[in-house]
Amino acid sequence: MGEKDIVKTIRKLAITKQLNFLIGSGASLPAISLMSDYSEENRNDELLQRVKEKSNIILNGEEAIQKDTDILETIQNYERFILSIIQLLNYSNSRQTPKNINIFTTNYDLFIEKAIDIQQQKNYFIFNDGSRGYFNRILDSSNYNSTASYKGLNDNYINEIPCISLIKPHGSVNWEKIEFKNSNFIKVNNFVLDNPVVVPPTGYEQQETFLNDHFHEMLRVFQLELDKPQSVLFVIGFSFQDSHIAKMIRRACLNPELMIYIFAYNTDDKEKIMGNLKNISENLNCKILIPEDFGEDIFTIKNLTDLLNIGENEDDFND
């Protein structure tokens, strides 16, 4: 299959199937370095500290963001990506698939939230991060199983409102464990915590029972979405070092109606991905694509955005 055929196939799947994304740390370049860039002894601690520092700058306002060119570039990359998703949602037919796109990310940072906040000032859609409440926003996975509709002024029609759902299986730097009426909850704050609720890759066994159960509940949402018929998963910036998610992908490949496209950062990255997936065999519903497939040297979230961007390519969907 040539480059044009691959692009056309991916674009068509994006609006005709239930669309899911799995986003890893590679998508937050250049603001957040890859795990391999940190010392092996303190890798997780150094990564978390950098994510907290960059996320604090994100929340400190536009002036602070403008002073950090890496943060500014990363936000702009995510902002364009979110815009491309909104365009896909507006173009899709809710009678075929729900107007909802799921973003699963193992990143602790707040770049996606920032990009969505910017785009919500310009576009009409709902953001669902799984929380409920106003002053105290509490996470509850059951909140992902919902849709919202707009009724005409005279109740003469009902349109489903486009929705972007964000699921963070590894936690977030603005998550806090709280206790209320002898029960534990995770609260979503609008600031970065000193000791946030996060978990390193394959680090679930280090967590207490409540947090362990919560993170596995987030992964259960991921598994349920992959088990749905007529679904597609695009993976970017992720090399499957998390053994839990790698196992889920191997299991998900048994669903003949699921299409998985994994975009490798470079050619060497493909070998790493294959190794972490236990040399999973590429088949009709699982493809690992390398930059050369698109005439590029590397493949980043900027490239994925260009690939998904309808722009002047609406004819791709009309065949």
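The structure under discussion appears in the preceding block.
Residues numbered from 1 in each chain as written. Predicted model: local features only at pLDDT ≥ 70, side-chain atom pairs only at ≥ 80, totals over all residues. Heavy atoms only, no water.

**What about the environment of Ala64?**
Part 1 of the argument: Along the chain, Ala64 falls in helix α3 (residues 62-66).
Part 2 of the argument: Residue class for Ala64 comes out partly exposed when judged on its relative accessible area of 22%.
Part 3 of the argument: With 140 residues separating them in the primary sequence, Ala64 and Tyr204 have C-alpha atoms 34 Å apart. (Helix = DSSP H or I, 4+ residues; strand = E, 2+ residues; numbered from the N terminus. Buried < 20%, exposed > 50% of the residue type's maximum accessible area, 1.4 Å probe, protein only.)

**Structural notes on the sheet that holds strand β5 (residues 137-139)**
Part 1 of the argument: Pairing is antiparallel across the open sheet formed by 4 strands, whose spatial order is β4-β5-β10-β9. One side of each edge strand has no neighbouring strand; the edge strands of this open sheet are β4 (131-132) and β9 (175-180).
Part 2 of the argument: With 2 bridges joining them, β5 and strand β10 (residues 183-188) adopt antiparallel strand pairing. Among the inter-strand pairings, Arg137 is bridged to a residue of β10, identified as Val188.
Part 3 of the argument: This element, helix α6 (residues 209-227), spans β5, β9 and β10 of the sheet and lies at about 55 degrees to β10. (Pairing = 2+ DSSP bridges. Contact = heavy atoms within 4.5 Å. Axes fitted to C-alpha atoms, helices over the stretch in contact; angles between N-to-C directions.)

**Notes on helix α7 (residues 243-252)**
One full turn of an α-helix is made of 3.6 residues, so residues set three or four places apart face in the same direction.
Part 1 of the argument: All buried positions along α7 are accounted for by Ile245, Ala246, Met248, Ile249 and Ala252. The buried residues of α7 occupy an angular sector of 160 degrees when projected down its axis, which confines them to one face.
Part 2 of the argument: Those residues of α7 that are buried lie in contact with β1 (18-23), α6, β11 (231-236), β12 (258-263) and α8 (267-276).
Part 3 of the argument: Sitting at the amino-terminal end of α7 is Asp242, which places a side-chain oxygen 2.8 Å from the backbone nitrogen of His244. (Arc of directions from axis to C-beta. Polar contact = N/O pair within 3.5 Å; in protein donor to acceptor, adjacent residues only side chain to side chain.)

**Considerations on the nonpolar core**
Part 1 of the argument: Counting residues in each nonpolar core, the largest one holds 56 residues, and the members touching the most others are Phe21 and Phe263.
Part 2 of the argument: Here the element with the most residues in this core is helix α4 (residues 69-91); it accounts for 9 residues.
Part 3 of the argument: Not counting residues up to four positions away in its chain, the partners in contact with Phe263 are Ile10, Phe234, Val235, Ile236, Gly237, Leu289, Phe294, Phe299, Leu304 and Leu307.
Part 4 of the argument: Listed in part, the 39 residues of the second largest apolar core include Val188, Val199, Leu211 and Met248. (Core = buried A, V, L, I, M, F, W, Y, C linked by side-chain atoms within 4.5 Å.)

**Examining the pairing of strand β2 (residues 100-105)**
Part 1 of the argument: Counting buried residues along β2, 6 of its 6 residues qualify, which places the element largely inside the surrounding structure.
Part 2 of the argument: Alternating positions in β2 separate into two faces, Asn100, Asn102 and Phe104 on one and Ile101, Ile103 and Thr105 on the other, with burial throughout.
Part 3 of the argument: Pairing of β1 with β2, which is carried by 4 bridges, proceeds in the parallel orientation. Across the sheet, residue Asn20 finds its bridge partner in β2, namely Asn102.

**Here we look at the pattern of salt bridges**
Part 1 of the argument: Counting across every chain of the model gives 11 salt bridges.
Part 2 of the argument: As a salt-bridge pair, Glu79 and Lys122 come within 3.0 Å of each other at their nearest N and O atoms. Residue Glu79 is found in helix α4, and its partner Lys122 is found in the loop between α5 (111-120) and β3 (126-128); the two are separated by 43 residues along the sequence.
Part 3 of the argument: Overall, Glu79 belongs to the buried group, its relative accessible area being 16%.
Part 4 of the argument: A relative accessible area of 56% places Lys122 in the exposed class.
Part 5 of the argument: Among the ionic pairs, Arg137 bridges to Asp129, the shortest N-O distance being 2.4 Å. (Salt bridge = Lys/Arg side-chain N within 4 Å of Asp/Glu carboxyl O.)

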